[in-house]
Amino acid sequence: MASQADFHTHSTFSDGRLTPTQLIDLAYRNGVRIMALTDHDIVDGLPDAFAAAARYPDFTLIPGIEMSTDVPGNEVHILGHFIDWHDEAFRDRLLHLQESRLGRARKMVEKLNELGKPVTWERVEAFAGEGAVGRPHIALALVEAGHVASVNEAFALYLSRTGPAYVERDRLAPDEVVKLLTGVGGLATLAHPRELQAAGNLDALLALLSGSGLTGMEVYYQDYTPEEMDMFRALADRFGLLPLGGSDYHGLGGPQQREPGNIALTMEPVKRLLSLARQKGALGRATGPAAV
Ligand code: AMP
Ligand code: ZN
Ligand code: FE
Ligand code: FE
């Protein structure tokens, strides 16, 4: 299923394997014409992304971010689109989150050494490059060292929230992040709700977040089945949220991976998101034909 829109992608500035330019070239080849770059807790890939997008006159790029937040026993990711990514107080918050990611990743490397699955900090840093360090970079170092066969296996055996090498990091509360994102002029969308639904947390969270200014929920995502998409669309309707979605493309492989644009998102909710952005005066932060 190909969509012209993809609101959730990652680049080398967080834990994706393609540079913003390579990512946009791939998305464009796949038929995507409206895309958001949503790196984890960082906006530093946006200048390159805008430069790359400018080479395609029929391509619209939306500035975005994905922020990690916490609820007891679970992790909640929230996407922000059309954010004022130049805002200084916002960027200070992001810097702090990146420092916290560094300290946490070092502790995870120590734990792996204690578990007899050593990886070096130098290799994790090399995989992270100039971007925000994340567990996928540790996973790549584990694969390279021969301790696991794949990134997915690294998560299954060591790095998941319940894994033996997991370390918590500083995170904001989900309603705080919705307010932070809307406070910099953005529109906030709850990402990949499947695990929250499975844990029974989703209804209460949606009640809280829709009261804090949440705009959308991801319904069209990676390997979600048609039945799951129907169920999440009904839930989005019930809370007055736009049914959005994206590939969450990282280029890390695995059976769940979908290429940019390879999702069932239709243009109707996309148009509604654009018109909400227009009403908020935020549409001009995107560039390209859909941003005018
Ligand atoms: P971090 O931001 O360091 O907590 O890492 C979170 C990222 O790790 C997510 O955005 C995914 O890209 C990846 N991830 C989380 N859980 C898994 C998993 N079970 N298998 C593969 N990748 C995962
Ligand atoms: Zn990621
Ligand atoms: Fe996520
Ligand atoms: Fe993501």
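Below you will find a few notes about this structure. (Residues numbered from 1 in each chain as written. Chains lettered and ligands numbered in written order. Predicted model: local features only at pLDDT ≥ 70, side-chain atom pairs only at ≥ 80, totals over all residues. Heavy atoms only, no water.)

Scanning the protein chain from N- to C-terminus turns up 11 helices and seven strands. Taken against the 2.2 N^0.38 rule, which gives 19 Å for 292 residues, the C-alpha radius of gyration of the protein chain at 18 Å falls within 12% of a compact globule. Judged by the C-alpha coordinates and their principal axes, the protein chain covers about 55 × 45 × 40 Å. Burial analysis of the protein chain (292 residues in total) assigns 55% to the buried set. Once local pairs closer than 6 in sequence are excluded, the contacts in the protein chain between residues at least 24 apart make up 74%. Working note: accessible area of the protein chain is about 11,700 Å², and carbon and sulfur atoms make up 52% of it. (Helix = DSSP H or I, 4+ residues; strand = E, 2+ residues; numbered from the N terminus. Rg over C-alpha atoms; globule rule 2.2 N^0.38 Å. Buried < 20%, exposed > 50% of the residue type's maximum accessible area, 1.4 Å probe, protein only. Contact = heavy atoms within 4.5 Å. Areas by Shrake-Rupley, 256 points an atom, 1.4 Å probe, with all protein chains shown as cover.)

Let us look at the coordination of the iron ion (ligand 4). Six octahedral donors around a metal ideally subtend angles of 90 or 180 degrees, whereas four tetrahedral donors ideally subtend 109.5 degrees. At the metal site, the iron ion (ligand 4) is ligated by His8 (NE2), His10 (NE2), Glu66 (OE) and Asp248 (OD), and these contacts range over 2.0 to 2.2 Å. One can describe the site at the iron ion (ligand 4) as irregular: its four donor atoms subtend angles covering 78 to 163° at the metal. Here the donor residues for the iron ion (ligand 4) map to a single chain with the spacing H-x1-H-x55-E-x181-D. Here the iron ion (ligand 4) and the zinc ion (ligand 2) are spaced 4.4 Å apart. In this pair, histidine 8 is assigned in the loop between β1 (5-6) and α1 (20-29) and glutamate 66 in strand β3 (residues 60-71), connecting sequence segments 58 residues apart. The exposure classification of histidine 8 matches that of glutamate 66, with both residues buried. (Donors = N, O, S within 2.8 Å, 3.2 Å for Na, K, Ca; no water. Tetrahedral: all angles 85-135°; square planar, octahedral: opposite > 155°, others 65-115°.)

Let us look at unusual backbone geometry. One non-glycine residue, aspartate 41, lies in the positive phi region at around 55°. Take aspartate 41: it is sitting in the loop between β2 (34-37) and α2 (46-53). Positive phi outside glycine occurs at aspartate 248, with the angle close to 55°. Tracing the sequence through the fold places aspartate 248 in the loop between β7 (242-246) and α11 (267-279). Taking relative accessible area as the criterion, aspartate 248 reaches 6% and is therefore assigned buried.

One open sheet accounts for seven strands, arranged β1-β2-β3-β4-β5-β6-β7; its pairing is mixed. Single-partner strands in this sheet number two, and they are β1 and β7. When strand β4 (residues 74-81) meets strand β5 (residues 187-190), the two strands line up antiparallel, connected through four bridges. Bridge pairing in β5 places isoleucine 78 opposite leucine 190. (Pairing = 2+ DSSP bridges.)

Let us now look at the coordination of the zinc ion (ligand 2). Surrounding the zinc ion (ligand 2) are the protein donor atoms Asp15 (OD), Asp15 (OD), His40 (NE2) and His250 (NE2), which sit 2.0 to 2.6 Å from the metal. Each of the six donor atoms bound to the zinc ion (ligand 2) contributes to angles spanning 52 to 161°, and the resulting shape is irregular.

In the vicinity of ligand 1, the residues found are Asp15, His40, Arg101, Arg104, Gly134, Arg135, Pro136, Asn152, Phe155, Arg169 and His250. When isolated, ligand 1 has an accessible area of 500 Å², and the protein chains bury 78% of it. Every element with two or more residues in the shell around ligand 1 is listed here: α3 (88-114), α5 (135-144) and α6 (151-159). Split into classes, the residues belonging to the shell around ligand 1 amount to two nonpolar, four polar and five charged. (Near = heavy atom within 4 Å. Nonpolar A, V, L, I, M, F, W, Y, C, P; charged D, E, K, R; others polar.)

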